[in-house]
Amino acid sequence: AVVSTQSTGSREVKECDTCTWYPVSEGEEGLKLKITHSHTVSSLAWHASGKYLAVTMRDSPSCAVLIHNIQTGTSQKPFNKSKGLVQQVAFHPNKPFFFVLSQRYVRVYNLVKQAMVRKLVCGVKWASCMAVHPKGDNVIVGSYDKSLIWFDMDLSTKPYKSLQQHKKAVRDVCFHPRLPLYSSVSDDCSAIVTHGMVYDDLVKNPLIVPVKVLRAHKAGSKYGVLSNVFHPNQPWLFTGGADGDIWLYV
C-alpha cells in the first residue's frame, strides 16, 4: 500500500488508501495505537508472534483483507482481488500460511511465495466462521446452516467430519491453545465444548467427542451467542452474546 506521512505535533500520522495509523500519546488510558479503516472491520486475527494483525472488511469492494505490521507501522493488501465474499481470516501458528474463509471455501495461501497452496471445500451453503488448530494441520468451519465442518489437511481437501450439534446458525468457533478442546457458539444461545484430540501419529485420525452444552445467554433477538474464546492456560471459556452479557465458564 502507498503510504503518506504527516506530522501532527509529536505524533506521526501514516495514511494509505485503505487505512490511517494514529499513534496515541502517552497518558491516553494506556492506548498505544489507533488504526482507522475505509470500511467497517468485520473480523480480525493476530499472528502468533504478535507482530501482525489481519483484518477483514466485507463491505470493501477492492480491499477485503489487510495485514498490518505492528512493528513497522505499515499495511499490506495481500490480494489484488479477493475470491468470494471473505468471512474470516487466520494465520498458521508456525508456517507462513494464511487462511481465508469465503462463503464455501477455505483458501490457504503461502505468503512468502504469494501463491495459493490449498483449497478446502466446505460443502455448506454459507460458511460463517473458522478456527485453525494450534498445530496448524486441522481446521474447523462453522456455517449459517447449523453445520460444523472439521478438516484434516493431511488427509484431504474435503471434510473429515461434518457435525450437526446446533439448532441454529453457528456464529463462532475456537480451539483451546493448549488443551484438546474446542468450542462452538450459536444463535440457539448455546456453547458446546467438544474434546478434539489431534495425534502426532499421522496414521491416527482426530478424535472428536462432545463434552458439555452450556446455556446462560438470554434469547430475545434473532441472534444468540456471537463469540467465544478460551483462557490461554486454564480450561475456562468466555462467551459474548447479543444480550449484552459476557459469561465465564470454569
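Above this text you will find the structure in question.
Residues numbered from 1 in each chain as written. Predicted model: local features only at pLDDT ≥ 70, side-chain atom pairs only at ≥ 80, totals over all residues. Heavy atoms only, no water.

Focus on a nonpolar patch on the surface
For the record, the criterion: By definition, no residue in a patch forms a salt bridge, and every one has over 30% relative accessible area; like charges are joined within 9 Å, nonpolar side chains (Val, Leu, Ile, Met, Phe, Trp, Tyr) within 5 Å. A 1.4 Å probe and the Shrake-Rupley method give the accessible areas. Residues count as covered only by the protein chains that appear here. The term salt bridge refers to a side-chain nitrogen of Lys or Arg lying within 4 Å of a carboxyl oxygen of Asp or Glu. Runs of H or I in DSSP of at least four residues are treated as helices and runs of E of at least two as strands, each being numbered from the N terminus.
Taken together, the side chains of Val 41, Leu 44 and Trp 46 define a hydrophobic patch exposed on the protein surface, amounting to about 310 Å² of accessible area. Inspection of the secondary structure assignment puts Leu 44 in strand 5 (residues 43-46).

Structural notes on the layout of surface pockets
Test applied: A 1.4 Å probe that fits but cannot get out identifies a cavity on a 1 Å grid over protein atoms alone, an open set with protein on both sides within 12 Å along at least five of seven lines counts as a pocket, and a residue lines either if it has an atom within 4 Å of a point. Grid points are joined across faces, edges and corners, and a volume is the space filled by probe spheres set on the points. We call Asp, Glu, Lys and Arg charged. Ala, Val, Leu, Ile, Met, Phe, Trp, Tyr, Cys and Pro are nonpolar, and the rest, Gly among them, are polar.
Size it by volume and the largest pocket reaches roughly 1,100 Å³. Residue lining of the largest pocket: 37 residues in total, with Leu 44, Ala 45, Gln 88, Met 130 and Cys 174 positioned closest to the centre. Elements with a contribution of two residues or more to the lining of the largest pocket: strand 5, strand 9 (88-91), strand 13 (127-132), strand 17 (170-175) and strand 21 (225-230). Considering each element in turn, the lining of the largest pocket owes the most residues, six residues, to strand 17. The residue makeup of the lining of the largest pocket, split by class, is 23 nonpolar, 11 polar and three charged.

Re the environment of Trp 21
Just so we agree on the cut-off: For the exposure calls, accessible area comes from a 1.4 Å probe over protein chains only, and a residue counts as buried if that area is under 20% of its type's maximum, exposed if over 50%, partly exposed in between. Contacts described as polar in this section are N or O atom pairs within 3.5 Å, which, within protein, must combine one atom able to donate a hydrogen with one able to accept it, while residues neighboring in sequence count only if both atoms come from side chains.
Residue position: Trp 21 is located in strand 3 (residues 19-23). By relative accessible area, Trp 21 is classed as buried at 4%. Separated by 47 residues in the primary sequence, Trp 21 and His 68 place their C-alpha atoms 9.9 Å from one another. Reaching out from Trp 21, the side chain makes a polar contact with the side chain of Ser 75 at a distance of 2.9 Å.

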